[in-house]
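Listed here are the chains, written in short residue letters.
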Amino acid sequence: VVGCKGNTARVVEPPAPPDYTRPLGPGERALTLVTDPAKRPDISALTSQLADPDFLESLRLSAGWYDKPSSKSYFNPDVSGISHVHAKVSAQTLLYVVESSPTTAEAAAQIDSLFDIYQTVGWNKQGTVLFTGYYSPQFTASLERTGPYKFPLYTRPADLRSDPISGDVFGRDTGNGLVPYYTRSEIESQDILKGSELVYLPQRLDAYTIEVNGSAKLDLTNGDTLYIGHAGTNGLKYTSIGRELIKDGKLDKNTVSMPTIRQFFLNNPAELEKYIGRNDRFVFFKEYENPEQWPGGALGVRVNAMRSLATDKEVYPPGAMVLVKTGTKNRTGQIAPITQLVFDQDAGGAIRAPGRADFYFGIGPAAEAKAGELAVEGTMYYFFLKRDLVQGWYDQLQSKP
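In this report, the structure presented in the accompanying data block is examined.

Definitions and cut-offs
Residues numbered from 1 in each chain as written. Predicted model: local features only at pLDDT ≥ 70, side-chain atom pairs only at ≥ 80, totals over all residues. Heavy atoms only, no water. Pairing = 2+ DSSP bridges. Helix = DSSP H or I, 4+ residues; strand = E, 2+ residues; numbered from the N terminus. Contact = heavy atoms within 4.5 Å. Core = buried A, V, L, I, M, F, W, Y, C linked by side-chain atoms within 4.5 Å. Buried < 20%, exposed > 50% of the residue type's maximum accessible area, 1.4 Å probe, protein only. Arc of directions from axis to C-beta. Axes fitted to C-alpha atoms, helices over the stretch in contact; angles between N-to-C directions.

## Observations concerning the sheet that holds strand S8 (residues 160–162)
Alright, step 1. As summarised here, the arrangement of the three strands in space is S8-S9-S10, forming an open sheet in which the pairing is antiparallel. Edge positions in the sheet fall to S8 and strand S10 (178–179), since each has one partner strand and no second.
Alright, step 2. Pairing between strand S9 (residues 169–173) and S10: two bridges, direction antiparallel. When the bridges of S10 are listed, Asp173 appears paired with Leu178.

## Here we look at the environment of Ile338
Alright, step 1. Mapped onto the fold, Ile338 is located in strand S17 (residues 335–346).
Alright, step 2. Considering only alpha carbons, one finds Ile338 and Thr326, twelve residues apart in sequence, at a separation of 5.1 Å.
Alright, step 3. Excluding residues within four positions of it along the chain, Ile338 makes contact with Met306, Val324, Lys325, Thr326, Gly327, Thr328 and Phe359.

## What about the nonpolar core?
Alright, step 1. One finds Ile111, Phe131, Leu309, Phe359, Met380 and Tyr382 to be the most contacted residues of the largest nonpolar core, which totals 61 residues.
Alright, step 2. Those residues in contact with Met380 that lie beyond four places of it in its chain are Tyr118, Gln119, Thr120, Val129, Phe131, Leu309, Thr311, Tyr316, Val322, Leu323, Val324 and Ala357.

## Concerning helix H5 (residues 104–114)
Alright, step 1. For H5, the full list of buried residues reads Ala107, Ala108, Ile111 and Leu114. Projection of H5 onto a plane perpendicular to its axis shows the buried side chains occupying an angular sector of 140°, all on one side.
Alright, step 2. Packed against the buried residues of H5 are helix H1 (47–50), helix H4 (84–100), strand S4 (115–120), strand S19 (375–385) and helix H12 (390–398).

## With respect to the sheet that holds strand S6 (residues 138–141)
Alright, step 1. In spatial order, the strands read S6-S12-S13-S14; together these four strands make up an open sheet with mixed pairing. Lying at the two open borders of the sheet, with one neighbouring strand each, are S6 and strand S14 (283–287). Across this sheet, the average inter-strand angle for adjacent strands is 40°, counted without regard to direction.
Alright, step 2. With five bridges connecting them, strand S12 (residues 215–220) and strand S13 (residues 225–233) associate as antiparallel partners. Looking at the pairing, Ala216 lines up with Ile228 of S13.
Alright, step 3. Strands S6, S12, S13 and S14 of the sheet are contacted by helix H7 (residues 204–213), whose axis makes an angle of about 140° with S12.

## Things to note about the pairing of S4
Alright, step 1. Counting buried positions along S4 gives six out of six residues, so the element sits mostly inside the fold.
Alright, step 2. Residues of S4 alternate between two faces, with Phe115, Ile117 and Gln119 on one and Asp116, Tyr118 and Thr120 on the opposite face, all of them buried.
Alright, step 3. Alignment of strand S3 (residues 31–33) against S4, held across three bridges, turns out to be antiparallel. Its bridge partner being in S4, Thr32 is matched across the sheet by Gln119.
Alright, step 4. As judged from the five bridges shared by S4 and S19, these two strands associate in the antiparallel manner. Paired with Tyr118 across the two strands is Tyr382, which belongs to S19.

Have a look at this one:
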C-alpha cells in the first residue's frame, strides 16, 4: 500500500502476523508487575467464584502441592521472577484468607490488599496470549485383545529406573548396569512389553491420544469403568507430533492443539503411523484406585474443568492463582467473554512460550467439542503475595496448629 503526501511516497507495510510461539528474549521475564492501580483487574467482581467448590478444591490442591519436595524443581526465578517460597506462601495465604473470611466479599478485599498482580508479557510483550482448550479423553476399551480391540496401553515395566522425586528416567536395569530404555519402534516391533498390557483400544489414534494426554476414562466392554494415568516414560527424546505437522506445513503453529491434531488424523488416517514413528518417547500407565484423584495434571494433582490451566512450565511459576480474560467462539464467529479464576496446574506438549495457554474443559466428547472451539486471544494475571509480607505470613502460617 502506498500513501502520498506532496511528492513523498510512503510504503505502508501490513502488520506482521502474530507469533504466539515467540520465546522469551535474553533476560526477559514472563511476568510484569502491574503498578498502575487503574490497570489492576477488579477481583471484587468475581466474589461468587471464590465460593465455587471446584475453585476451592483446586486452591487446596495447589496449596498442598508446594509441600512436595519435587515442587522446588519447577521454579526458575530468573525467568518468572517468582521463587518457590514466594509462590508457596502466596498460595497458602490465599487459602487461609478464602477459608477464614466471613464473606467472599471480605476475602476479595483481603486479596486485593495483600497481593501483587503480575500480567504475562504474552507473545507481543503487551500481554496477548492465545488460549486453546484441552480435555480428558473418554474411550471404550477391553481388558482382553479381542475383535477390534488390538491397540494396547502398557503398565510401567519392572526394569525401568527413574528418580523417585523428579521422575527423570535413568534407564533400563540390565542386572549389570543401566542402559537407555528401548525406543518406541523397538517396543512396538519386537513386542518387548508383551504381558504388561493394561488395556486394548479399538483405534490406534485413540491409544496415541491417551499417550499425549497422559490420562483417560475408559468404558470397558465388561461394563466396568477404568481411570488411568501417567506412570512414567522410557525417558527418550520427545518429538511433538504437533510440531512435526507444523514443520511439514500441515497445521498452523499458532493454533495447534490436541483437538486440531486429532482432527487432522481423523481426516488423514494414512498419515498417522508416519508421524507416531517420529516420536521415540513411549508412555506407561497405571490405574487410579481412587477415581476422585483423577485426572491428574503435570503437577500430579487433580485438574478441574474451567479451574485448571496448562502453561509452559519453563516460563510460568506453577500452582498459582491466575485470572484469565478471554472468550469462546461459537460456529458463527461470535465471542462470549470469559473472566475466570483458575490455577496453573498443568502443561502440554503444544503449549510452549509465554504466548500460549490451554484451558481444561473436562472429560469426554462434550468437553472435547468445547475444547475444539476455543482459539481466542486474551491475557492473564498471576497473584502473588506482596514481597514485604512474605516473611510475616510464612511465620504466621507456620505457627498455625
